[in-house]
Amino acid sequence: MTTAATETAGPAVRVRFLGDFELTVNGTPVQRWRAGKARGLFQYLAVHRGQMLTRDRLYASLWPDADSAAGSSLKVAAHALRRVLDAHPDRPGDSGIRLVYRDFGYVLHINGLWCDLDRFQELVHTGLRAAAAGDAPLARTRLRAAIGLYGGEFLRGESADWVVEQREYLRALALRALGALRADAEAREDFVELIEVCKRTLEIDRHHEETYRTLMAAHGRRGELACVRRWYELCARRMRDELAVAPGHETQRLLGTLIPAAARAAAAAPVSAVTGAPPATVRALRPTARRPGTPAWSPEARTTALARPVRRARPDNRAAAALARAADQATA
């Protein structure tokens, strides 16, 4: 991809891919597209602008399940795109956008472009390089700016395979940036920023177990054991309900280190949570299964608690002795 123009240069074309898609040409948002695939064609070409994309590649990405009629659909979409954006190959309009057909494919050229996708990637890569070089202030500035640009997943609401592939790559990049910011906040013991970074991480990946451990450890250092337990329980519930797995051993060991009693109580929870079995306290109160042919109320069907021997009370002879003494006095 070509290098993005800076926001202060006043680019004629601005494109936002992160979150809801937005295209602005000369200060005017483009909201009406003449053909169903014209918008998708522009999105794909804009991500790969400057590259010649063959018709076969465009068909596979934009019309993966179409028959031989996809060729005419591509022509219709390209024609509509030129009309919408004034992107004539020989006479580009004020936007500087040109859609050129060449060598059995298309190439898109855009002059004076600002794109959040380009800027986000540039900020993350420079921030991570600065962190690796030990320049913490520069890394912090770049990575904070990158996360500020990450307004949501790539092309939110779209489901094409090429969109999902790009979305997962950018999502992983955002998590790497947040991981570096999290480590920096921990090193500086900045609890406020650490919480904010962890919250942002869980908005992107609600199953990011390392983030839950970070929150547990941070609250543990502050003596906030109730918060430790709540973060663990939230992690365990999401892992159980949405992934059908239990928290990892490292997360459980951390809980045991911070709250030993809570760890013992949660030791059997993963099995019960995944299999759907009732809690141990409920199972202990249920009668054991009786063997075939055993009467429902036979002694063998009792639980261990109910089968304990009954203690018999000692007879109290004091009342009988008192009556005997009263009888002797009456006959004297």
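This text goes with the structure placed above it.
No experiment lies behind these values; they were computed from the predicted model shown.

Caption draft 1: Layout of the pattern of salt bridges. Tallying each qualifying case throughout the model produces 18 salt bridges. When the shortest N-O distance is used, the salt bridge between Glu-168 and Arg-171 registers 3.4 Å. Of this pair, Glu-168 and Arg-171 both sit in helix 6 (residues 161-188), 3 residues apart, which is roughly one turn of that helix. Its relative accessible area of 38% is what places Glu-168 among the partly exposed residues. A relative accessible area of 24% places Arg-171 in the partly exposed class. Three or more residues are tied together by salt bridges with common partners; here these are Arg-140, Arg-144, Asp-184, Arg-188, Asp-190 and Glu-193.

Caption draft 2: The arrangement of the packing of helix 4 (residues 116-132) against helix 6 in detail. Viewed as axis vectors pointing N to C, helix 4 and helix 6 meet at an angle of 40 degrees, and their least axial separation amounts to 10 Å. As summarised for this structure, helix 4 and helix 6 are arranged oblique, according to the angle between their axes. Taken as a pair, helix 4 and helix 6 cross one another with a handedness that is left-handed. For the pair formed by helix 4 and helix 6, the contact residues are Leu-117, Phe-120, Gln-121, Val-124, His-125 and Leu-128 on the first element and Gln-166, Tyr-169, Leu-170, Leu-173, Ala-174, Arg-176, Ala-177 and Ala-180 on the second.

Caption draft 3: The packing of aromatic side chains, seen in detail. Tallying each qualifying case throughout the model produces 8 aromatic pairs. Measuring from ring centre to ring centre gives 4.9 Å for Tyr-44 and Trp-162, while their planes differ by 85 degrees; the resulting arrangement is edge-to-face. Note that Tyr-44 is positioned in helix 1 (residues 38-47) and Trp-162 in helix 6, a separation of 118 residues in sequence. Judged by its relative accessible area of 11%, Trp-162 is buried. Seen in terms of ring centroids, Tyr-212 and Trp-231 are 6.4 Å apart; in terms of plane orientation they differ by 55 degrees. Their pairing is tilted. Residue Tyr-212 is located in helix 8 (residues 209-221), and its partner Trp-231 is located in helix 9 (residues 225-243); the two are separated by 19 residues in the primary sequence. Residue Trp-231 is classed as partly exposed on the basis of its relative accessible area, which comes to 24%. Its end group placed over the ring of Trp-114, Arg-14 keeps NZ or CZ at 4.5 Å from the ring centre. Lying across the ring of Phe-191, Arg-222 places its NZ or CZ 4.1 Å from the centre.

Definitions and limits used
Residues numbered from 1 in each chain as written. Predicted model: local features only at pLDDT ≥ 70, side-chain atom pairs only at ≥ 80, totals over all residues. Heavy atoms only, no water. Salt bridge = Lys/Arg side-chain N within 4 Å of Asp/Glu carboxyl O. Helix = DSSP H or I, 4+ residues; strand = E, 2+ residues; numbered from the N terminus. Buried < 20%, exposed > 50% of the residue type's maximum accessible area, 1.4 Å probe, protein only. Axes fitted to C-alpha atoms, helices over the stretch in contact; angles between N-to-C directions. Parallel < 35°, antiparallel > 145°, perpendicular 65-115°, else oblique. Left-handed = near helix turned anticlockwise from the far one by under 90°. Contact = heavy atoms within 4.5 Å. Phe/Tyr/Trp six-rings, centres within 6.5 Å; stacked < 30°, edge-to-face > 60°. Lys NZ or Arg CZ within 6 Å of the ring centre and 35° of its normal.

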